[in-house]
Structure formats: C-alpha cells, structure tokens
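Close look at the chain arrangement
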Amino acid sequence: MAFTCATGKHRRPSRMQRTSVRAAGIAALTTTGVMATVASTPAFAAEPTPEQTGLIPVVAAGESVAEQIDDQVAVQKHAAFEEAARQAAAKKAVEEREARVRAAREAERKRLNTFVSPITGSYVSTGYQAGSSLWSSGSHTGIDFHAASGTSVHAVGSGTVVEAGWGGSYGNQIVIKMNDGTYTQYGHLSSLAVSVGQTVTPGERIGLSGATGNVTGPHLHFEARTTAEYGSDIDPVAYLRNHGVNV
C-alpha cells in the first residue's frame, strides 16, 4: 500500500507555541495520573515557565516604554498647542497694531486736510468788499475778525509760509501758500511766530493779533487769494465755507 505525504513546506512551531503545547500536554497528563508516574524520570523535566524565561519582565518593560512614549506624545501635543496659541496671539497683536497705525494715519490725513477759523470763537466785524475811504482800493479786500490785541492767530489749513514780516498798510503780515494752491493772508499782527519756508498745519498758532499798519483798532485782517500778491483776492467767507468752516 502506497503512502502519500502532503506537499509544501512546514514551519517549525515557535518557542512560545511549543511551550504552550507542552504545557497543555503536561496538564492533560497530570489530570489522567500519568504525570505522577513519570515525574521522577529525569527525561520528563518540565519546560521553564514564562517567569523563568523572563517573558513577564519583558512585557512589563514594554508596557513601561509604551507609557513613556504616550507621555512624550502628550507633552509634544501640549507644547504644539501652546506654540500655536502663542503664534495666534502674536499675529493678532501685529494685526491690531497695524490697524491702530492705519487709523492714526487716516486721522492725521483728515486733520491735515481740514480748515479752521483763524480766530477761535470770533466773528466777522467787517465784510468782504465793504466800501470805505480807509482802503486805497476803495473797498475791503478781505474780512476783519474781531480780536483783542494779543489773541492767538491760527493757520486756517496746511501750507507753507511764503511771506512773514512788514507789509506796509497791512502792518506785520503772514502769507501762506495752501496745499490746494490758494493763498491766505493774515494782517495787522502784533507778533509773528513763523518764518518763510516753514510748513504749518490747521490750527497751528502763527502769530498774535494787533493793530500794526493802517488800522483804527486791534483786529485780524484775513484774505484769501489766488496768488501771493495784493489784488488777487477772492471772497474769504465763501472760501472758508467751501472748506467746511462756519463763519
């Protein structure tokens, strides 16, 4: 009778598998009483237990390493979270600072483009083109603001001083070329606080009112002009109102 065998390769059982199988066999022999018979025979010495092989300490060490790795991962995640929070806070601070800078620049731009009255809280005491023998042209070329001597006189807008000094019948005067290309003139001043070439901003004090030149009393003579020269005057009330000043 012919015998056949299965084809293919067989792997040798691992040590753990062999240990488990032998342990199961020993348990069966003990149950049947066979183990008691052969226990005294040296050839049937028991396989070492997992404790004896050191498997339990290895497993415990593996669990300890795993716990350490988990702790490290947790620490790294926490550090990454804190770093992300720090970067977000720094970005927000930068954005807020840039927003404040933009707002400040916009506010300054608006301020420099505004116009104000040359005398705070004053009023027009003599109107434009009023007729009188007091003026060589026969009519008033500007407007007079009521002001006691020594009252602060302000630049009505942003510009550059082109004249500062004695102006004949105007007494001490200042002429400013405004940023929009027009000119403003301030006459009969008791003192000057600016010089030629100096830039000024809206509301900046440029001098003090007085009674220098051809006057009957202290006040501020104000003109709006198309050039720096006498005779190029335009209506100063309309000029100021067109720039948002209520006079």
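Residues numbered from 1 in each chain as written. Predicted model: local features only at pLDDT ≥ 70, side-chain atom pairs only at ≥ 80, totals over all residues. Heavy atoms only, no water.

**Regarding the packing of aromatic side chains**
Under the criterion given, the structure shown has four aromatic pairs. Where Phe115 meets Tyr239, the ring centres are 6.0 Å apart and the plane angle is 80°; that geometry is what we call edge-to-face. Residue Phe115 is located in the loop between helix H4 (55-112) and strand E1 (124-126), and its partner Tyr239 is located in helix H5 (residues 236-242); the two are separated by 124 residues in the primary sequence. There is no split in this pair, since Phe115 and Tyr239 are both buried. A network of ring pairs unites the aromatic residues Phe145, Tyr186 and Phe222 as a single cluster. (Phe/Tyr/Trp six-rings, centres within 6.5 Å; stacked < 30°, edge-to-face > 60°. Helix = DSSP H or I, 4+ residues; strand = E, 2+ residues; numbered from the N terminus. Buried < 20%, exposed > 50% of the residue type's maximum accessible area, 1.4 Å probe, protein only.)

**A few points about a nonpolar patch on the surface**
On the surface, Val65, Ile69 and Val73 cluster together into a nonpolar patch covering about 220 Å² of accessible area. Looking at the element boundaries, Ile69 is found in helix H4. (Patch = residues over 30% accessible without salt bridge, like charges linked within 9 Å, V, L, I, M, F, W, Y side chains within 5 Å. Areas by Shrake-Rupley, 256 points an atom, 1.4 Å probe, with all protein chains shown as cover. Salt bridge = Lys/Arg side-chain N within 4 Å of Asp/Glu carboxyl O.)

**Observations regarding the pairing of strand E5 (residues 172-178)**
Counted residue by residue, E5 has six buried out of seven residues, so it is predominantly covered. When strand E4 (residues 159-166) meets E5, the two strands line up antiparallel, connected through seven bridges. Each bridged residue has a counterpart across the sheet, and for Trp166 the counterpart in E5 is Asn172. The turn joining E4 and E5, which pair antiparallel and follow one another in sequence, is formed by five residues; a positive phi near 65° is taken by Gly168. (Pairing = 2+ DSSP bridges.)

**Observations regarding the environment of Leu220**
As for its placement among the helices and strands, Leu220 is situated in strand E9 (residues 220-225). A sequence separation of 102 residues divides Leu220 from Pro118, and the C-alpha atoms of the two residues are 8.6 Å apart. Residues in contact with Leu220, not counting those within four places in the same chain, are Pro118, Ile119, Ile143, Asp144, Phe145, Val153, Tyr186, Gly187 and Leu189. (Contact = heavy atoms within 4.5 Å.)

**Digging into the environment of Ile174**
Secondary-structure assignment places Ile174 in strand E5. Residue classification places Ile174 among the buried positions, given a relative accessible area of 0%. Ile174 sits 10 residues away from Ala164 along the chain, and the two C-alpha atoms are 4.5 Å apart.

**What about the confidence of the model for the protein?**
Across the protein, the average pLDDT comes to 82, with 72% of residues at 70 or higher. For the stretch residues 1-10, pLDDT sits under 50, and the model shows zero contacts to residues farther than four places along the chain or on other chains. The low-confidence segment residues 18-44, where pLDDT is below 50, has nine contacts with residues more than four positions distant or belonging to other chains. (pLDDT = per-residue confidence, 0-100.)

**Section: unusual backbone geometry**
The phi torsion at Gln129 lies on the positive side, around 65°, for a residue other than glycine. Position of Gln129 among the secondary structure elements: in the loop between E1 and strand E2 (143-145). In this structure, His188 is a non-glycine residue whose phi angle is positive, near 70°. You can see His188 is positioned in strand E6 (residues 183-192).

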